[in-house]
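Given next are the chains, with one letter for each unit.
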Amino acid sequence: MGAKELEKKFQTTLAELKKRYPRFVDAFHKFFETAEGEGVLDRKTKELISVALAVKSQCPYCIAFHVKNALSLGATESEILESAYLAVLMGGGPALAYMGYVFDALKEFKK
């Protein structure tokens, strides 16, 4: 499954959860907006951190979502890859394997 398909499936899953459990999804969404919004760190920096965390967490859906967001906030391919590679430092071989999802997402979402 490609990065665009992963991102679409994630959005579809979120929409279905919102229908079934609107209070929980609304609370999560509020937390997400607060955590990822402007603060001491700018949004681009937070997305780069999220890319690294997605790789470390070995979540292809999260990788697609956060690479797309990082690109939309002006992150370069080099910034995204360097951020993701920090996850490899902490996660070793398993995290290294998930770098493929980062490459796929960059290829599909880069303008």
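Residues numbered from 1 in each chain as written. Predicted model: local features only at pLDDT ≥ 70, side-chain atom pairs only at ≥ 80, totals over all residues. Heavy atoms only, no water.

Moving on, we come to the overall build of the chain. Assigned secondary structure in the chain consists of six helices and zero strands. Walking the chain from its N terminus toward its C terminus, one meets helices and strands in the order α-α-α-α-α-α. Its C-alpha radius of gyration of 14 Å places the chain within 12% of the 13 Å reference for a compact globule of 111 residues. Its C-alpha atoms give the chain principal-axis dimensions of about 35 × 35 × 30 Å. For the chain, the proportion of its 111 residues judged to be buried stands at 33%. Of the contacts formed within the chain by residues at least 6 apart in sequence, a portion of 62% connects residues at least 24 apart. Of the roughly 7,100 Å² that the chain leaves accessible, carbon and sulfur atoms contribute 62%. Looking at the chain, you have 16 positive and 14 negative side-chain charges, and the mean spots of the two groups are 6 Å apart. (Helix = DSSP H or I, 4+ residues; strand = E, 2+ residues; numbered from the N terminus. Rg over C-alpha atoms; globule rule 2.2 N^0.38 Å. Buried < 20%, exposed > 50% of the residue type's maximum accessible area, 1.4 Å probe, protein only. Contact = heavy atoms within 4.5 Å. Areas by Shrake-Rupley, 256 points an atom, 1.4 Å probe, with all protein chains shown as cover. Lys, Arg positive; Asp, Glu negative; His and termini not counted. Charge placed at Lys NZ, Arg CZ, Asp CG, Glu CD.)

Let us now look at helix H1 (residues 3-20). Between its first and last C-alpha atoms H1 spans 26 Å; for 18 residues at 1.5 Å apiece the expected length is 26 Å, and the two agree. Taken as a whole, H1 has its buried residues at Ala 3, Leu 6 and Glu 7. Angular distribution of buried residues about the axis of H1 spans 100°; they occupy a single face of the element. For H1, the exposed residues lying more than 90 degrees away from the buried face are Lys 8, Lys 19 and Arg 20. Its buried side turned inward, H1 meets helix H4 (60-72) and helix H6 (99-109). (Expected span 1.5 Å × (residues − 1). Arc of directions from axis to C-beta.)

Next up on the list: the packing of H1 against helix H2 (residues 22-36). For the pair H1 and H2, the least separation of the axes is 5 Å and the interaxial angle reads 125°. Overall, the two elements H1 and H2 adopt an arrangement that is oblique. In contact with Leu 14, Leu 17, Lys 18, Lys 19 and Arg 20 of H1, H2 contributes Pro 22, Val 25 and Asp 26. (Axes fitted to C-alpha atoms, helices over the stretch in contact; angles between N-to-C directions. Parallel < 35°, antiparallel > 145°, perpendicular 65-115°, else oblique.)

Bringing the nonpolar core into the picture now. Within the largest apolar cluster, 24 residues are counted, with the highest numbers of intra-cluster contacts made by Val 55, Val 67, Ile 80, Val 102 and Leu 106. Element by element, the count of residues in this core is highest for helix H5 (residues 77-97), at six residues. When near neighbours in sequence (up to four residues on either side) are disregarded, Val 67 contacts Val 51, Ile 80, Val 102, Ala 105 and Leu 106. (Core = buried A, V, L, I, M, F, W, Y, C linked by side-chain atoms within 4.5 Å.)

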